[in-house]
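# Fold and contact review
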Amino acid sequence: MAACCYSTGMLILAIESSCDETAVAVVGPGDELRERIKAHVVRGQMEVHADYAGVVPELAARAHGSILKPLIEASLKQAHVAPQELDAIAATTGPGLMGGLLVGAMMGKTLAMAWRKPFLGINHLEGHILTPRLSHTVPYPYLALLTSGGHCLFVLVKSLGDYQVLGQTRDDAAGEAFDKVAKLLDLGFPGGPAVEKAAQGGNHEAFDFPRPLINQAGCDLSFAGLKTAVRNCLEKQDIITERLRTDIAASAQAAIGDTLAARARHAMAFAKNVMPSLNQFVVVGGVAANLSVRAKLEAACARGGYGFTAPPLNLCTDNAAMIGWAALERAQRCESHGMDSAIQPRWPLENLR
Ligand code: KG4
Ligand code: ZN
């Protein structure tokens, strides 16, 4: 950590490139969300990976490399900010795909050197779990459910950098389950939004898909059984009608939402034992963009005596504003990271300080 090198304005340019979204944002302090996010651009890579079963790391890295510079220029323009007005450059340095992380971090470090600004390397998961503080000013401490494509975990957010993971998925993440169900139903990628859309016309009670661990102690989760149940269900059908697909989508979405809500109730009770004053619950990550999941978690919070916060939908899925916000919180405690700060494809939240 270096001596404090920031002005009070604290304008940060942030880059996110850990998976298949290239995102750039300019973030600063302010009383409201619209003052805090000065610029916010996100480019997906759907067409790049469309012919493959999932994200191809090498193609993802190349796509980040080709789009990043124009996105940075567009962000500065959107924010009406010149490079010399920035206080710091931040980039996601883990966890995620090595190639994409390298592209984003190298760009961030290069700009920091050229513009003589401090650089901050930010943990992607920390970006997600601090997002409710960007969107709603939620005070520490709180209980977070981070539910995305690669992660599904309950974490006690005690203060900046002080995180206790209470439980996590033993196999697939909830977003991964949505993606696999979408694939089985031929709904396309990313699966979450596609399943949510298909589910709108379906009967969520048509199929009784598994809701693993819901009555067990602890805060772990499990979603791998869902894709097997959906596959078995499809194999039993003579013809796959549109109606059947929407019913399966609705039933699978209900199973994921019920499981997350039931496990959240356990996590709330468990967390209150660790920290009796705790009364705030937040949900973050791509699956938090699902309105049915959000509603079930909100109901669980009402029953468990917790306040409920979920960020706006465009701050649930991967974005750079969350990286900028985490950097801002770290900059506010005079933190900066050197040009030699490491890229960490694996970087557990509990290793942060
Ligand atoms: O947080 P995120 O953008 O990237 C990761 O860090 O993984 O999350 C992406 C995941 C994908 O699995 C995607 O299918 C899921 O979040 N997702 C959704 C919705 N939007 C994105 N799942 C359910 N409903 C949605 N509306
Ligand atoms: Zn993410």
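Residues numbered from 1 in each chain as written. Chains lettered and ligands numbered in written order. Predicted model: local features only at pLDDT ≥ 70, side-chain atom pairs only at ≥ 80, totals over all residues. Heavy atoms only, no water.

### Describing the overall build of the protein chain
Counting its regular elements, the protein chain contains 11 helices and 10 strands. Relative to a compact globule of 353 residues, whose C-alpha radius of gyration would be 20 Å, the protein chain shows 20 Å and is just as compact. Counting every position in the protein chain, which comprises 353 residues, the buried fraction comes to 52%. Here the analysis covers contacts within the protein chain between residues at least 6 apart in sequence; of these, 74% occur between residues at least 24 apart. For the protein chain, the accessible area works out to roughly 14800 Å², and carbon and sulfur atoms hold 53% of it. Treating the 32 positive side-chain charges of the protein chain as one cloud and the 34 negative ones as another, the clouds have centres 3 Å apart. (Helix = DSSP H or I, 4+ residues; strand = E, 2+ residues; numbered from the N terminus. Rg over C-alpha atoms; globule rule 2.2 N^0.38 Å. Buried < 20%, exposed > 50% of the residue type's maximum accessible area, 1.4 Å probe, protein only. Contact = heavy atoms within 4.5 Å. Areas by Shrake-Rupley, 256 points an atom, 1.4 Å probe, with all protein chains shown as cover. Lys, Arg positive; Asp, Glu negative; His and termini not counted. Charge placed at Lys NZ, Arg CZ, Asp CG, Glu CD.)

### Remarks on the nonpolar core
Counting 52 residues, the largest nonpolar core has Leu-143, Phe-154, Phe-209, Leu-226, Leu-260, Phe-281 and Leu-297 as the members making the most contacts within it. Those elements that place two or more of their residues in this core are strand S6 (142-147), strand S7 (152-159), helix H6 (174-184), helix H7 (191-199), helix H8 (224-235), helix H9 (242-274), strand S9 (280-284) and helix H10 (291-304). Sorting elements by how many residues they give to this core places H9 first, with 13 residues. (Core = buried A, V, L, I, M, F, W, Y, C linked by side-chain atoms within 4.5 Å.)

### Examining the sheet that holds strand S4 (residues 88-94)
Strand order in the open sheet formed by 5 strands is S3-S2-S1-S4-S5, and the pairing between neighbours is mixed. Single-partner strands in this sheet number two, and they are strand S3 (37-44) and strand S5 (119-123). On average, each strand axis in the sheet is inclined to that of its neighbour by 20°, with strand direction left out of account. Sheet topology note: the S4/S5 ladder contains 5 bridges and is parallel. In the sheet register, Ala-91 faces S5, and the bridge partner there is Gly-121. (Pairing = 2+ DSSP bridges. Axes fitted to C-alpha atoms, helices over the stretch in contact; angles between N-to-C directions.)

### As for the packing of H6 against H7
Running from amino to carboxyl end, H6 crosses H7 at an angle of 65°, the nearest separation of the two axes being 7 Å. Every pair of crossing elements has a handedness; the one defined by H6 and H7 is left-handed. On the side of H6, the interface is formed by Phe-178, Asp-179, Val-181 and Ala-182, while H7 contributes Gly-191, Gly-192 and Val-195. By residue class, the composition of the contact of H6 with H7 is 4 nonpolar, 2 polar and 1 charged. (Left-handed = near helix turned anticlockwise from the far one by under 90°. Nonpolar A, V, L, I, M, F, W, Y, C, P; charged D, E, K, R; others polar.)

### What about the pairing of strand S2 (residues 21-27)?
Most of S2 is tucked away: 6 of the 7 residues are buried. Two strands pair when backbone bridges link them, and strand S1 (residues 12-16) and S2 are joined in this way by 5 bridges, in the antiparallel orientation. Each residue of the ladder has a partner; that of Ile-15, found in S2, is Val-24. Here S1 folds back onto S2, and the loop between the two strands holds 4 residues. Where S2 and S3 come together, 7 bridges link them in antiparallel fashion. Bridge pairing in S3 places Ala-23 opposite Val-42.

### Focus: the coordination of the zinc ion (ligand 2)
For the zinc ion (ligand 2), the protein coordination sphere consists of His-124 (NE2), His-128 (NE2) and Asp-318 (OD), at 2.0 to 2.1 Å. Along the chain, the residues donating to the zinc ion (ligand 2) are arranged with the sequence spacing H-x3-H-x189-D. Placement of His-128 in helix H5 (residues 124-136) and of Asp-318 in the loop between strand S10 (307-309) and helix H11 (321-332) is noted, with a sequence separation of 190 residues between them. (Donors = N, O, S within 2.8 Å, 3.2 Å for Na, K, Ca; no water.)

### Regarding the sheet that holds S9
Ordered by their spatial adjacency, 5 strands build an open sheet running S8-S7-S6-S9-S10, and the pairing between neighbours is mixed. Each having just a single partner strand, strand S8 (162-168) and S10 make up the two edges of the open sheet. Ignoring which end each strand starts from, the neighbouring axes of this sheet average 25° apart. Set on the sheet, H10 makes contact with S6, S9 and S10; between it and S10 the angle comes to about 160°.

### What about the site of ligand 1?
Around ligand 1 sit 21 residues in total, of which Gly-149, Asp-179, Gly-192, Glu-196 and Asp-318 are the nearest. Asn-290 is positioned such that a nitrogen or oxygen atom in its side chain is 3.1 Å from a nitrogen atom of ligand 1. When ligand 1 is considered free in solution it has 550 Å² of accessible area, and contact with the protein chains removes 89% of it. At the level of secondary structure, the elements contributing two or more residues to the shell around ligand 1 comprise H5, H6 and H7. Looking at the shell around ligand 1, the element that brings in the most residues is H7, giving 4 residues. Classifying every residue of the shell around ligand 1 gives 6 nonpolar, 12 polar and 3 charged. (Near = heavy atom within 4 Å. Polar contact = N/O pair within 3.5 Å; in protein donor to acceptor, adjacent residues only side chain to side chain.)

### As for the pattern of salt bridges
One pass over the full model with this rule turns up 16 salt bridges. Salt bridges sharing common partners tie together Glu-126, Arg-330, Arg-333 and Glu-335. (Salt bridge = Lys/Arg side-chain N within 4 Å of Asp/Glu carboxyl O.)

### Focus: the packing of aromatic side chains
For the coordinates displayed, the defined rule picks out 2 aromatic pairs. Judged by centre distance (6.0 Å) and plane angle (5°), the ring pair of Tyr-140 and Tyr-142 falls under stacked. Taking the relative accessible area as the measure of exposure, Tyr-140 reaches 22% and is therefore partly exposed. The cationic tip of Arg-133 hangs over the ring face of Tyr-140; the distance from NZ or CZ to the ring centre is 3.7 Å. Sitting above the plane of the Tyr-306 ring, Lys-272 keeps its charged end 4.6 Å from the centroid. (Phe/Tyr/Trp six-rings, centres within 6.5 Å; stacked < 30°, edge-to-face > 60°. Lys NZ or Arg CZ within 6 Å of the ring centre and 35° of its normal.)

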